[in-house]
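# Residue-level structural notes
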Amino acid sequence: MKTKELRQKLIIDFRKFIQDDSKLEVLEGVFDAINNEENSFVVPGSHYAIVAEEREKYFSGISKSSSWEEVEQRLNAKYGF
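Bear in mind the structure is a predicted one, so any value in this text is a computation, not a measurement.

Rules used in this analysis
Residues numbered from 1 in each chain as written. Predicted model: local features only at pLDDT ≥ 70, side-chain atom pairs only at ≥ 80, totals over all residues. Heavy atoms only, no water. Phe/Tyr/Trp six-rings, centres within 6.5 Å; stacked < 30°, edge-to-face > 60°. Helix = DSSP H or I, 4+ residues; strand = E, 2+ residues; numbered from the N terminus. Buried < 20%, exposed > 50% of the residue type's maximum accessible area, 1.4 Å probe, protein only. Salt bridge = Lys/Arg side-chain N within 4 Å of Asp/Glu carboxyl O. pLDDT = per-residue confidence, 0-100. Patch = residues over 30% accessible without salt bridge, like charges linked within 9 Å, V, L, I, M, F, W, Y side chains within 5 Å. Areas by Shrake-Rupley, 256 points an atom, 1.4 Å probe, with all protein chains shown as cover. Expected span 1.5 Å × (residues − 1).

Glancing now at the packing of aromatic side chains. Enumeration according to the criterion identifies 2 aromatic pairs in this entry. Ring centres of Phe14 and Phe31 lie 6.1 Å apart, and the angle between their planes is 25 degrees; this geometry places the pair in the stacked category. Here Phe31 lies in helix H2 (residues 21–39) and Phe14 lies in helix H1 (residues 3–17), a separation of 17 residues in the sequence. Exposure remark for Phe31: the relative accessible area of 40% places this residue in the partly exposed category. Ring centres of Tyr58 and Phe59 lie 5.2 Å apart, and the angle between their planes is 70 degrees; this geometry places the pair in the edge-to-face category. Judged by relative accessible area, which is 43%, Tyr58 ranks as partly exposed.

All told, the structure shown has 3 salt bridges when counted by the stated rule. A salt bridge links Lys57 to Glu53, with the shortest nitrogen-to-oxygen separation between them at 3.7 Å. One end of the pair is Lys57 and the other is Glu53, both in helix H3 (residues 45–60) and 4 residues apart, which spans about a single turn. On the accessibility criterion, Lys57 (28% relative accessible area) is partly exposed.

Averaged over the chain, the pLDDT score is 86; the fraction of residues at 70 or greater is 94%. The least confident element of the chain is H2, whose mean pLDDT is 79; the most confident is helix H4 (residues 68–79), at 94.

Residues Val26, Val30, Phe31 and Ile34 make up a contiguous nonpolar surface patch of roughly 340 Å² in combined accessible area. Its location among the elements puts Val26 in helix H2. On the basis of relative accessible area, Val26 is assigned to the exposed category, the value being 57%.

Okay, H3 next. Along its 16 residues, H3 runs 23 Å from first to last C-alpha, staying within 8% of the 22 Å computed at 1.5 Å per residue. Positioned one or two residues after H3, Gly61 has a phi angle of 85 degrees, which is positive.

Note that Ala49 resides in helix H3. Through-space distance from the C-alpha of Ala49 to that of Lys78 is 33 Å; in sequence the pair is 29 residues apart.

Among the secondary structure elements, Gln19 is positioned in the loop between H1 and H2. The class of Gln19 is exposed, set by a relative accessible area of 69%. For the pair Gln19 and Arg55, spaced 36 residues apart in sequence, the C-alpha to C-alpha distance is 55 Å.

As structure tokens, then:
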């Protein structure tokens, strides 16, 4: 459906929705959800700084890490998974 056709369809649908209070409340919830998605992030910016710092430590060799196989072996030894 082209943008112009979609816009006209939505205008017609909105006219129907605004006449029904229960549908208005649902529509308001949809708009709130859209606005919240645009204005909020799931991960705060401060966490990106922590990840960048830890990544730098990893690449410089300051912090140690384990391969998945090593982690799996430790879990198996400790918990019997």
